[in-house]
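Structure at a glance
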Amino acid sequence: MKKVKLNLNKKISLSYDICIGYNVIDQVGLIIAENHKASHYVLITDSNVSRLYGGVVLGIFQNLGLNTTLIEFQAGETSKNIQTVLSVVGQMLKLGVDRDAILIALGGGVAGDLVGFIASVYMRSVPYIQIPTTLMAQVDSSIGGKTAVDLPDGKNLLGAFHQPKAVFVDLKFLETLPNTEFNNGLAEIIKYGIIDNLKFFETLEQKADAIKKQDRDVLSAVVEHSCRFKKKIVEIDEKDRGIRRILNFGHTVGHAVEAASGYTISHGNAVAIGMAAAVRMSGKLCGFSIGERERIWRLIDVFGLPRYLSLTIRTDEIVERLKMDKKKEGDKINFVLLKRIGMPFVNSEVPEAIIRETIEEIKR
Ligand code: ADP
Ligand code: ZN
């Protein structure tokens, strides 16, 4: 397995490994048994992932003599709430799970966020490990310790920073992932290509076909690069006060689009539309070149992601949503714009006229 070490400043105890490989789940069990000892392992997963992998992973842990229990919750975004937390925690209490336990999140972003959140508060916090099974979770949400559940008032409103003890990325899980879910992950990978550097962007351009076909070596290299990039940003700015905000590229408009569509547009599709919008704004406000703009648009197209929004979604609705979001961001709408590919920066002074004009342009 490839190993990427995430070092948190002056907090060696909070540093951890991101291990990446193909068909490595047996090895993952061994590493956990060896390096992450606990009196009880609580494997928490959603109903889909449980059906596909719950038994296998549970079997691996139990065969190693580890005291392991599987807890399942209903698959889907709507499970990422406090009711699910209470249900899972209730089961943990019944099982007598105490602070010597380690929780293991097996699944996509929902399982990761939910288990991370439970781990951050259960008996004033217990350790947890991430085993992400979606591309999106493997390259993004399992790394960096952001945990949260949604409230009726909005997404991710209840949460904490709580770093996992380890992240194990097994690319074999992706073989059963539906295409739409794979595309969600691709959108985040394109985002890294745009904000990291031109070299990685060019790799994505050149290897697009192999990535789409899930060529094992190419995908593995791309996932590893993505994890390395994300970990580098988290190391500099764990708590999202500065540079980590560039990871929001495409997400300001993206989140508004997702919400305005009543979450019928997937996160990846919304982020792709948001990136296309951010590129337009960058052209208007900071001289982002037409050449690079065309390359970004082409890459989004090649990966089969959208750049346009349906005319049925009102511009006012998007602008409303953008303004709602700023409550969390200190009264400013923060856009991540580009000077060039690989040179993102945060601009919180985008005039409303430019925002509206851009939203109009991305509708068709
Ligand atoms: P995300 O990782 O995109 O935030 P979820 O955690 O909601 O999203 O996972 C997306 C969907 O994919 C869920 O229905 C989940 O059960 C399913 N899923 C997760 N991993 C796999 C996998 N390896 N194979 C098939 N389906 C999966
Ligand atoms: Zn995202």
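From a predicted model like this one, the values you see are computed outputs, not experimental measurements.

Around ligand 1 sit 18 residues, and of these Asp46, Gly109, Thr133, Thr134 and Thr176 come closest. Within the side chain of Asp46, one N or O atom sits 2.7 Å away from an oxygen atom of ligand 1. Contacts to ligand 1 include Phe173, whose backbone N or O atom sits 2.9 Å from a nitrogen atom. Contact with the protein chains removes 90% of the 570 Å² of surface that ligand 1 exposes when unbound. Contributing elements (two or more residues each) for the shell around ligand 1: α2 (47–63) and α4 (109–121). Sort the elements by how many residues they give to the shell around ligand 1 and α2 lands first, with four residues.

What follows concerns the pairing of strand β10 (residues 335–340). Summarising the sheet, β10 and strand β11 (residues 343–347) pair through five bridges and their orientation is antiparallel. Opposite Val336, over in β11, you have Val346 as the bridge partner. What sits between the antiparallel neighbours β10 and β11 is a turn of two residues, in which Gly342 has the positive phi angle 90 degrees.

Another aspect to go through is unusual backbone geometry. Even without being a glycine, Asn156 presents a positive backbone phi close to 55 degrees. Turning to its location among the elements, Asn156 is positioned in strand β8 (residues 154–161). Take Asn156: its relative accessible area is 39%, and that puts it in the partly exposed class. Non-glycine residue Gln214 carries a positive phi angle of around 60 degrees. Within the secondary structure layout, Gln214 lies in the loop between α8 (208–212) and α9 (216–236). With a relative accessible area of 25%, Gln214 lands in the partly exposed category.

In terms of burial, helix α10 (residues 251–260) is a largely internal element, nine of the ten residues being buried. Looking at α10, one finds that the buried residues are His251, Thr252, Val253, Gly254, Ala256, Val257, Glu258, Ala259 and Ala260. A positive phi of about 65 degrees marks Gly262, the residue just after α10.

As a further point, take the pattern of salt bridges. For the coordinates displayed, the defined rule picks out 25 salt bridges. Here Arg321 and Glu317 are joined by a salt bridge, their closest N and O atoms 3.2 Å apart. Here the residue Arg321 and the residue Glu317 both occupy positions in helix α13 (residues 315–325), the gap between them amounting to four residues, near one helical turn. Take Glu317: its relative accessible area is 22%, and that puts it in the partly exposed class. Linked by salt bridges that have partners in common, Arg280, Lys284, Glu357 and Glu361 make up one network.

Attention now goes to the coordination of the zinc ion (ligand 2). Coordination of the zinc ion (ligand 2) by the protein involves Glu188 (OE), His251 (NE2) and His267 (NE2), with metal-donor separations of 1.9 to 2.1 Å. Binding-site remark: the zinc ion (ligand 2) is held by donors from one chain whose sequence spacing is E-x62-H-x15-H. Of this pair, Glu188 sits in helix α6 (residues 179–195) while His251 sits in helix α10; the two residues are 63 residues apart in sequence, bridging distant segments of the chain. When its relative accessible area of 6% is taken as the criterion, His251 is described as buried.

To continue, consider the side chain of Lys363. Mapping Lys363 onto the fold places it in the segment after α14 (352–361). Despite its burial, Lys363 remains without a salt bridge, the nearest opposite charge being carried by Glu360 at 4.3 Å. The residues contacting Lys363, other than those within four sequence positions of it, are Tyr308, Leu309, Ser310, Leu311, Ile313, Arg314 and Thr315.

On to empty space enclosed by the protein. Tallied over the full model, the rule gives one cavity of 30 Å³ or more. The wall of the largest cavity is formed by Asn248, Phe249, Gly250, His251, Thr252, Val253, Gly274, Ala278, Phe335 and Val336. Contributions of two or more residues to the lining of the largest cavity are made by α10, α11 (267–286) and β10. By residue number, the principal contributor to the lining of the largest cavity is α10, which donates three residues. A per-class count over the lining of the largest cavity returns five nonpolar, five polar and no charged.

Calculation notes
Residues numbered from 1 in each chain as written. Chains lettered and ligands numbered in written order. Predicted model: local features only at pLDDT ≥ 70, side-chain atom pairs only at ≥ 80, totals over all residues. Heavy atoms only, no water. Near = heavy atom within 4 Å. Polar contact = N/O pair within 3.5 Å; in protein donor to acceptor, adjacent residues only side chain to side chain. Areas by Shrake-Rupley, 256 points an atom, 1.4 Å probe, with all protein chains shown as cover. Helix = DSSP H or I, 4+ residues; strand = E, 2+ residues; numbered from the N terminus. Pairing = 2+ DSSP bridges. Buried < 20%, exposed > 50% of the residue type's maximum accessible area, 1.4 Å probe, protein only. Salt bridge = Lys/Arg side-chain N within 4 Å of Asp/Glu carboxyl O. Donors = N, O, S within 2.8 Å, 3.2 Å for Na, K, Ca; no water. Lys, Arg positive; Asp, Glu negative; His and termini not counted. Contact = heavy atoms within 4.5 Å. 1 Å grid on protein atoms, 1.4 Å probe; cavity = no way out; pocket = protein on both sides within 12 Å on 5 of 7 lines; lining within 4 Å. Points joined across faces, edges and corners; volume = space filled by probe spheres on them. Nonpolar A, V, L, I, M, F, W, Y, C, P; charged D, E, K, R; others polar.

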